[in-house]
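Take a look at the letters that make up each chain.
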Amino acid sequence: MPLQLYNSLSRRSEVFTPLDPQRITVYLCGPTVYNYVHIGNARPAVVFDLLVRLLRREYPRVVYARNITDVDDKINAAAQTAGVPIAAITQRYAAAYREDIARLGVAVPDVEPCATAHMGPIVAMCERLIASGHAYAAAGHVLFDVARFPDYGRLSGRSVEEMIAGARVEVAPYKRNPADFVLWKPSPPDLPGWDSPWGRGRPGWHIECSAMVETHLGETIDIHAGGIDLQFPHHENEIAQSTCAHGGKVFARYWLHNGMLTLDGRKMSKSLGNVLLLHDLLQQHPPEVLRFVLMKAHYRQPLDWSDAAVQQARATLDGWYGVLRDLGEVDAPALADADPLWAGHGGLARLHAALSDDLNTPEAFVAMANLAGNARGAVSATIEHKRDAKAALLAAGRLLGFLQQDPETWFRQTAAGGSVDAAHIESLIAQRNAARAARDFARADAVRAELAALGIAIEDGPRGTRWKVATP
RNA sequence: GGCCAGGUGGCAGAGUGGUCAUGCAGCGGCCUGCAAAGCCGCCUACGCCGGUUCAAUUCCGACCCUGGCCUCCA
């Protein structure tokens, strides 16, 4: 099952064929770090991490870069408000981003470049673009001349004429063309700045990605990803800069865009203020639940965040972990990526086929439901069946980023990730079971109520009474 | 206004020219001291109007509605 990806550039699904199978290059536009990121910002990190997981299974070397934007007017504003250097802001929130995203099960990218560490390549790219006639200096700025790039607008499907007609911003007088965009702009003394041939200044937003892609991945990369809201102007401008800086070479061969995360049907965005911070949600829910919600819809579709969605995710994961708990004593082997069972096992093959079809995670969840169902059925089967079914479920979970913790730990976690007094609970359960043995059910139910008041639910089974933290 | 997506059962959410999505919730039953878990069964779909077709939720056209981009934004 070859990997198929929907390429925004061609507006169709294409079989992924790398430029160099020995070195796959992927770039994802990461966050601007002036505050904690919201859950919408986590979506591309999660879904494209899944893409990279798939690629790593197929290819010996994948170089995955996810940048951090640490130069930006909003960062400047936050730093000035706080009365600190921008680095104090960016380092704090970049660290929080890395930590919070990691908790979602997202692997650390191979490269995590920052704009401030690439001023040399940024200035050099500006100079090259001026030298080749694709950019010009004016009033301390360097501007890209969109008239010199005929393909401008191809990615986003709009013409320069349309853009000018629809422009809602005042056109700076030093622009040759209203659609020209800034590569470099002057910085007053009170703002961060770097020396350049055009005076002390700072880069425009788009040029950093072009420079960092060039530095770490090369002139032509396989996959460039990001949110659909970046398609224009950010990615359009990246294409223009990079293509022109590299003598017309293709910049990125596959463009992938994730849909927006919404809250009550409206796009979640910092400027609208309707944000749920990842950092806060991680205090309220298990990280796996958040990851599940982010993968529940196909990555190109809009995804509406809601308490109901979170609860559904929790319920489904409870079901999966419940199977694993019932198979707790079964010693299942970990399946290697190259294990033939991936192709030979119906459930695993279906999972892999689903993900290979443009990361169809909803279909992947169907495969998971099948695998969990098989494992459930194996609970009362032979040890071989149990082992195989559990191994398959765990392998599938590992690929998707789920089910890798101990089931008992899963069921005993509290909302905030804290712990409960297990000894006390066990003691109460012993009291209750003594009452049950004496057929004093009133007493037994009283103890159950006491446990419920502590937020503990109990289940009597053939192998005794087990407990878990009750979910509301 | 221009450009681009999408409208599926109580909710979430895939997919397909002609048997089943799936999950969650709900309902009935089994099991259980009770409950939970589990098991068995049940339930409701494809915005609207035309067209193509033996057959359309699926293709085509119009319409209505929603969202995104056009300005910082994942």
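Keep in mind that what you see is a predicted model, and the values were worked out from it rather than measured.

*Asks:* So what exactly am I meant to see when it comes to the overall build of chain A here?
*Replies:* From N to C terminus, chain A includes 17 helices and 15 strands. If one aligns the C-alpha atoms of chain A with their principal axes, the spans along those axes are about 90 × 55 × 35 Å. Looking at chain A as a whole, 51% of its 472 residues are labelled buried. Across chain A, the fraction of contacts at a sequence separation of at least 24, relative to all contacts at a separation of at least 6, is 74%. One way to put it: in chain A the 48 positive side-chain charges average out to a point 2 Å from where the 52 negative ones average out.

*Asks:* Just to check I follow, could you spell out the sheet that holds strand 11 (residues 261-263) for this structure?
*Replies:* Each strand in a sheet pairs with its neighbour through backbone hydrogen bonds, running either in the same direction (parallel) or in the opposite one (antiparallel). Read from one edge to the other, the open sheet built from three strands follows the order 12-11-13, with strand pairing classed as mixed. Both edges of this open sheet fall to strand 12 (266-267) and strand 13 (303-305), since each of them pairs with a single strand only. With three bridges connecting them, strand 11 and strand 13 associate as parallel partners. Pairing of T262 across the sheet is with D304, part of strand 13.

*Asks:* What should I look at first to understand the nonpolar core in this one?
*Replies:* Generally speaking, nonpolar side chains in soluble globular proteins are found buried as a group. By size, the foremost hydrophobic cluster in this structure holds 93 residues, and its most contacted members are L55, L104, W305 and L351. Top element by residues in this core is helix 1 (residues 39-58). It accounts for eleven residues. Residue contributions to this core reach at least three from each of two domains, namely domain 1 (4-267) and domain 2 (308-409). Once residues lying within four places of it in the same chain are set aside, the contact partners of L351 are W342, A364, A367, M368, A396, L399 and L400.

*Asks:* Got a minute to help me understand the domain arrangement of chain A in this structure?
*Replies:* How big an interface is tends to be expressed through the accessible area that disappears when the partners come together. Looking at chain A, the domain boundaries give domain 1 (4-267), domain 2 (308-409) and domain 3 (422-469). Distance from the C-alpha centre of domain 1 to the C-alpha centre of domain 2: 37 Å. Every contact between the two is made by ten residues of domain 1 and, on the other side, 13 residues of domain 2. When the area that domain 1 buries against domain 2 is broken down by residue, the three leading residues are L50, L54 and R57, summing to 57%. For the interface between domain 1 and domain 2, the tally reads one salt bridge. Take the side of domain 1 that touches domain 2: its biggest share by element is seven residues, from helix 1.

*Asks:* It is not clear to me how the protein's contact with RNA strand B should be interpreted in this structure. Could you clarify?
*Replies:* As a structural note, the neighbourhood of RNA strand B is formed by 49 residues, with K74, W205, G227, L230 and K267 the closest of them. Per the 4 Å cut-off to the protein, sugar and phosphate atoms form 56% of the nearby atoms of RNA strand B. Here G40 contributes a backbone N or O atom positioned 3.0 Å from a base nitrogen of RNA strand B. Sorting the residues of the surface near RNA strand B by element identifies helix 1, strand 9 (221-227), strand 12, helix 10 (307-326), helix 13 (361-378), helix 16 (422-437), helix 17 (441-453) and strand 14 (456-461) as the ones contributing at least two each. When the residues that make up the surface near RNA strand B are grouped by side-chain class, the tally is 15 nonpolar, 17 polar and 17 charged.

*Asks:* What's the story with the sheet that holds strand 6 (residues 141-144) in this structure? I'm lost.
*Replies:* Here four strands make up an open sheet; going across it, the order is 5-6-7-8 and the pairing antiparallel. Where the open sheet ends on each side, the last strands, each with one partner, are strand 5 (135-138) and strand 8 (201-203). Strand-to-strand twist across the sheet, computed as the mean angle between neighbouring axes with direction ignored, equals 20 degrees. Where strand 7 (residues 181-186) and strand 8 come together, three bridges link them in antiparallel fashion.

*Asks:* Which parts of the structure should I look at to understand helix 2 (residues 73-82)?
*Replies:* Structurally, the α-helix is built with 3.6 residues per turn, so residues lying three or four positions apart point the same way. Among all positions of helix 2, only I75, N76, A78 and A79 are buried. Buried positions in helix 2, seen along its axis, are confined to an arc of 165 degrees and lie on one side of it. Next to the buried residues of helix 2 lie helix 3 (86-103) and strand 8. The residue sitting at the N-terminus of helix 2 and contributing the capping side-chain oxygen is D72; that oxygen lies 2.6 Å from the backbone nitrogen of K74. Downstream of helix 2 by one or two residues, G83 has phi in the positive range, about 70 degrees.

*Asks:* Would you take a moment to explain unusual backbone geometry for this structure?
*Replies:* Between F232 and the following residue, P233, the backbone shows a cis peptide bond with an omega angle of 0 degrees. By the element assignment, P233 lies in helix 7 (residues 231-245). One non-glycine residue, R11, lies in the positive phi region at around 60 degrees. Mapped onto the elements, R11 comes out in the loop between strand 1 (4-7) and strand 2 (12-15). Relative accessible area serves as the criterion here: at 43%, R11 is assigned to the partly exposed category.

*Asks:* For this particular structure, what's the right way to read helix 14 (residues 383-400)?
*Replies:* In a regular helix each residue adds 1.5 Å, so 18 residues correspond to 26 Å; helix 14 covers 26 Å between its end C-alpha atoms and thus fits that length. Residues of helix 14 that are buried include every one of K386, A389, K390, A391, A392, L393, A395, A396, G397, L399 and L400, and no others. Those residues of helix 14 that are buried are in contact with helix 1, helix 9 (287-296), helix 10, helix 11 (341-344), helix 12 (346-356) and helix 13. Backbone geometry just downstream of helix 14 places G401 in the positive-phi region, at approximately 90 degrees.

*Asks:* What is the right way to read the pairing of strand 7 from this model?
*Replies:* Where a strand is regular, its side chains alternate between the two sheet faces. Here strand 6 runs beside strand 7; their pairing, made up of three bridges, is antiparallel. Residue pairing for strand 7: L143 is matched across the bridge by V182.

*Asks:* Hey, could you run me through the packing of helix 10 against helix 13 in this one?
*Replies:* Between two packed helices, both the angle of their axes relative to each other and the distance between the axes serve to describe the pair. For the pair helix 10 and helix 13, the least separation of the axes is 9 Å and the interaxial angle reads 30 degrees. One finds that helix 10 runs roughly parallel with respect to helix 13. Judged by the sense of rotation from one axis to the other, the crossing of helix 10 with helix 13 is left-handed. Touching W320, G322, V323 and D326 of helix 10 are F365, M368, A372, A375 and R376, all from helix 13. Along the lines of polarity and charge, the residues of the contact of helix 10 with helix 13 split into six nonpolar, one polar and two charged.

Cut-offs used in this document
Residues numbered from 1 in each chain as written. Chains lettered and ligands numbered in written order. Predicted model: local features only at pLDDT ≥ 70, side-chain atom pairs only at ≥ 80, totals over all residues. Heavy atoms only, no water. Helix = DSSP H or I, 4+ residues; strand = E, 2+ residues; numbered from the N terminus. Buried < 20%, exposed > 50% of the residue type's maximum accessible area, 1.4 Å probe, protein only. Contact = heavy atoms within 4.5 Å. Lys, Arg positive; Asp, Glu negative; His and termini not counted. Charge placed at Lys NZ, Arg CZ, Asp CG, Glu CD. Pairing = 2+ DSSP bridges. Core = buried A, V, L, I, M, F, W, Y, C linked by side-chain atoms within 4.5 Å. Domains from an automatic or database assignment. Buried area = accessible area lost by both parts, 1.4 Å probe. Salt bridge = Lys/Arg side-chain N within 4 Å of Asp/Glu carboxyl O. Near = heavy atom within 4 Å. Polar contact = N/O pair within 3.5 Å; in protein donor to acceptor, adjacent residues only side chain to side chain. Nonpolar A, V, L, I, M, F, W, Y, C, P; charged D, E, K, R; others polar. Axes fitted to C-alpha atoms, helices over the stretch in contact; angles between N-to-C directions. Arc of directions from axis to C-beta. Expected span 1.5 Å × (residues − 1). Parallel < 35°, antiparallel > 145°, perpendicular 65-115°, else oblique. Left-handed = near helix turned anticlockwise from the far one by under 90°.

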